[in-house]
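Examining the three-dimensional arrangement
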Amino acid sequence: MTTLLRKPMIWITEQSLVRRLLTQNRVLRRIADRFVAGETLEEGMAAARSLQRAGVAGMLDHLGENVASPGQAAAAADAYIRALKCVGDDPEVDCNISVKLTQLGLDAGIDVCLENVERVLQVASERDPPTLVMIDMEAREYVDGTLAVYLKLRDRYPNVGVCLQAYLHRTTDDAHRIGGPQAIVRMAKGAYLEPPDVAFSDRTEVRKNYARVAAALLAAGSTVHLATHDPRLIEGAKGFIGLRGVAEDRYEFQMLYGVRRDLQQTLVREGLPVRVYIPYGSSWYPYLTRRLAERPANVWFFASNLLRPTG
Ligand SMILES: Cc1cc2nc3c(=O)[nH]c(=O)nc-3n(C[C@H](O)[C@H](O)[C@H](O)COP(=O)(O)OP(=O)(O)OC[C@H]3O[C@@H](n4cnc5c(N)ncnc54)[C@H](O)[C@@H]3O)c2cc1C
């Protein structure tokens, strides 16, 4: 009798737990919709076309990172090759791609990763002009490997570029090492939680380092992608570019899908080149947590949705 009574209780508890988890997942999906174009390449391309109509170029990012096996890394390379072909089939759309090296096998070793990136770069190079392949920068333990892969490839593939993170103390030296007319560098503040012995934690310090490194790269003749939504950095960059007469093909402003669309349009109206990073795919969770973490208001929004009664 006791057993009979207990069973439904457990069942009810489990059901409500599952229901709650599913609801939370639905909430997460709803929030993800703001930052992620969709789960498929077609949805990523649809976002690129829609941005193009608003005067904004695109950069496709097939979501995924830290894959467990060389097979998964090769599959990620295949996904990027499909993206490149899709971009190639639609010459009206100005769109390139951005890859994460831990998605292309960096955890399995530099050689596995190199093979995959090179496969992607070969396809990107078949187009005239070649499609740019940018390499995202990930957490601090991957910076050496990422720069090693980039430096190994850039002589043979001028259409490869890499991201540097302004919050890392080492970035000034890295910029000095890779900067120059051959370099295509995306400057971002940095999106991972790093300890104070390797990264500035003060926002003003990060901003100052961003401006210093971006200016040094531009002065060295590098092509710089100013990836930020920070109005002060954007204004500063515009001033520097105007003062130094930086050529139009040496810089562009970049923002994330779903973030500061108003600012994207302001820059477009000013006649400045703007490109938006368009993530798509089913592995959106780590990307979403970074977007939620970098803006407290997002976390409050997220928390209030989770606390709302499930009904
Ligand atoms: C094109 C692009 C590529 C990137 N690539 C990388 C990379 O490879 N590696 C890496 O570590 N980081 C990357 N980042 C992320 C970057 O490092 C920052 O974490 C992110 O851009 C926020 O910094 P911010 O410069 O916009 O300044 P912040 O001071 O963080 O933001 C300035 C303003 O922008 C708005 N904003 C910023 N983020 C959000 C958000 N998530 N939701 C809503 N509003 C927001 C807010 O209005 C905020 O006040 C990239 C960013 C961009 C734009």
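1. Things to note about the layout of surface pockets
There is about 1,500 Å³ of room inside the largest pocket. Sort the elements by how many residues they give to the lining of the largest pocket and helix α10 (residues 285-293) lands first, with 4 residues. Taken as a whole, the second largest pocket holds about 470 Å³ of empty space. In terms of lining residues, the second largest pocket is bounded by 21 residues, among which D94, N96, P130, L132 and R275 are the most central. Of all elements in the fold, only β2 (95-99), β6 (223-227) and β7 (251-256) reach the threshold of two or more residues within the lining of the second largest pocket.

2. Digging into the packing of aromatic side chains
All told, the structure shown has 2 aromatic pairs when counted by the stated rule. Ring centres 6.3 Å apart and planes at 15 degrees place the aromatic pair Y277 and Y287 in the stacked group. With a gap of 10 residues between them, Y277 in strand β8 (residues 274-280) and Y287 in helix α10 connect regions that are remote in the sequence. Neither Y277 nor Y287 differs from the other in exposure class; each is buried.

3. Observations regarding the environment of A237
Secondary-structure assignment places A237 in helix α8 (residues 231-244). Sequence separation between A237 and A211 is 26 residues, and the spatial gap between their C-alpha atoms is 7.6 Å. Apart from the residues lying within four places of it in its own chain, the contact partners of A237 are L226 and F253.

4. Side note on the nonpolar core
Of all hydrophobic cores here, the largest spans 79 residues; its most connected members are L60, I97, M187, L226, F253 and I278. Ignoring any residue separated from it by four or fewer positions in sequence, one finds I278 in contact with A37, G44, A47, A48, L51, G58, M59, L60, D61 and Y257. Within the second largest apolar cluster, 18 residues are counted, among which are V27, L28, I184 and W284.

5. Points about the sheet that holds β7
Around the barrel, which closes on itself, the 8 strands sit in the order β1-β2-β3-β4-β5-β6-β7-β8 with parallel pairing between neighbours. Neighbour-to-neighbour, the strand axes of the sheet open up by a mean angle of 30 degrees, direction not taken into account. Strand direction decides the pairing type here: strand β1 (residues 57-62) and β8, joined by 6 bridges, are parallel. Within the sheet, the bridge partner assigned to H62 lies in β8 and is Y280. Helix α9 (residues 261-269) rests against β7 and β8 of the sheet, and its axis sits at about 160 degrees to β7.

6. A closer look at the site of the ligand
Close to the ligand lie 27 residues; M137, G190, T228, H229 and E294 are nearest. Note that an oxygen atom of the ligand is positioned 2.6 Å from one of the side-chain N or O atoms of H229. R291 is positioned such that a nitrogen or oxygen atom in its backbone is 3.0 Å from a nitrogen atom of the ligand. At a threshold of 2 Å from the grid points, most atoms of the ligand map onto the largest pocket. Where the shell around the ligand is concerned, the elements lending two or more residues are α1 (2-35), β4 (160-165), β5 (184-188) and β7.

What counts and how
Residues numbered from 1 in each chain as written. Predicted model: local features only at pLDDT ≥ 70, side-chain atom pairs only at ≥ 80, totals over all residues. Heavy atoms only, no water. 1 Å grid on protein atoms, 1.4 Å probe; cavity = no way out; pocket = protein on both sides within 12 Å on 5 of 7 lines; lining within 4 Å. Points joined across faces, edges and corners; volume = space filled by probe spheres on them. Helix = DSSP H or I, 4+ residues; strand = E, 2+ residues; numbered from the N terminus. Phe/Tyr/Trp six-rings, centres within 6.5 Å; stacked < 30°, edge-to-face > 60°. Buried < 20%, exposed > 50% of the residue type's maximum accessible area, 1.4 Å probe, protein only. Contact = heavy atoms within 4.5 Å. Core = buried A, V, L, I, M, F, W, Y, C linked by side-chain atoms within 4.5 Å. Pairing = 2+ DSSP bridges. Axes fitted to C-alpha atoms, helices over the stretch in contact; angles between N-to-C directions. Near = heavy atom within 4 Å. Polar contact = N/O pair within 3.5 Å; in protein donor to acceptor, adjacent residues only side chain to side chain. Sits in = over half its atoms within 2 Å of the grid points.

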